Amino acid sequence: QVQLVESGGGLVQPGGSLRLSCAASGSIFSINSMVWHRQAPGKQRELVALITSGGRTNYAYSVRGRFSISRDSANNTLYLQMNSLKPEDTAVYYCNVVTIHSVLGRKDYWGQGTQVTVSS
């Protein structure tokens, strides 16, 4: 059984940094991409950053230049380095692994989320 466990969230002052981690346990095959999403109170969940199996990255415009997504494939761990944090970055951050199998199709795995609060 696959489990994704996020960690690293917390309270930080504006301008500060946090590093989120997402550790995957269990066997995950045919990974297409690994993604960080976030959901702020009263808002829809939005994609923050993704990294493909080939290592390509993409970021939401609002975090470009401040956030960096990376992964440790050997340990099936995904990271999100967040710098120059702003109050509008406050949200629950979710890890998502997308697998695409030639026969079984697409399957998404989700973590439980970790709270990030940016406030003075």
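Preceding block: the structure.
A. Examining the pattern of salt bridges more closely. The full count for this structure, using the stated rule, is 4 salt bridges. Across the salt bridge formed by Glu46 and Arg38, the nearest N and O atoms sit 2.6 Å from each other. A relative accessible area of 5% places Arg38 in the buried class. Among the ionic pairs, Arg106 bridges to Asp108, the shortest N-O distance being 2.7 Å. A residue is classified by how much of its surface remains accessible, and Arg106, at 56% relative accessible area, is exposed. Taken together, the shared-partner salt bridges in this structure form one network comprising Arg38, Glu46, Arg66 and Asp89.

B. The arrangement of unusual backbone geometry in detail. Backbone geometry places Ser30, a non-glycine residue, at a positive phi of 55°. Mapping Ser30 onto the fold places it in the loop between strand S3 (18–25) and strand S4 (31–39). The class of Ser30 is partly exposed, set by a relative accessible area of 34%. Despite not being glycine, Asn76 has its phi angle at roughly 50°, a positive value. Topologically, Asn76 is positioned in the loop between strand S7 (67–72) and strand S8 (77–82). A relative accessible area of 22% means that Asn76 is categorised as partly exposed.

C. Representation of the pairing of S4. Note: S4 against strand S9 (residues 91–101), 8 bridges, orientation antiparallel. The partner of Arg38 across the bridge, within S9, is Tyr93. Pairing geometry for S4 and strand S5 (residues 46–52), over 6 bridges, is antiparallel. What sits directly across from Met34, in S5, is Ile51. Joining the antiparallel neighbours S4 and S5 is a turn of 6 residues, in which Gly42 adopts a positive phi near 75°.

Procedures and definitions
- Residues numbered from 1 in each chain as written.
- Predicted model: local features only at pLDDT ≥ 70, side-chain atom pairs only at ≥ 80, totals over all residues.
- Heavy atoms only, no water.
- Salt bridge = Lys/Arg side-chain N within 4 Å of Asp/Glu carboxyl O.
- Buried < 20%, exposed > 50% of the residue type's maximum accessible area, 1.4 Å probe, protein only.
- Helix = DSSP H or I, 4+ residues; strand = E, 2+ residues; numbered from the N terminus.
- Pairing = 2+ DSSP bridges.

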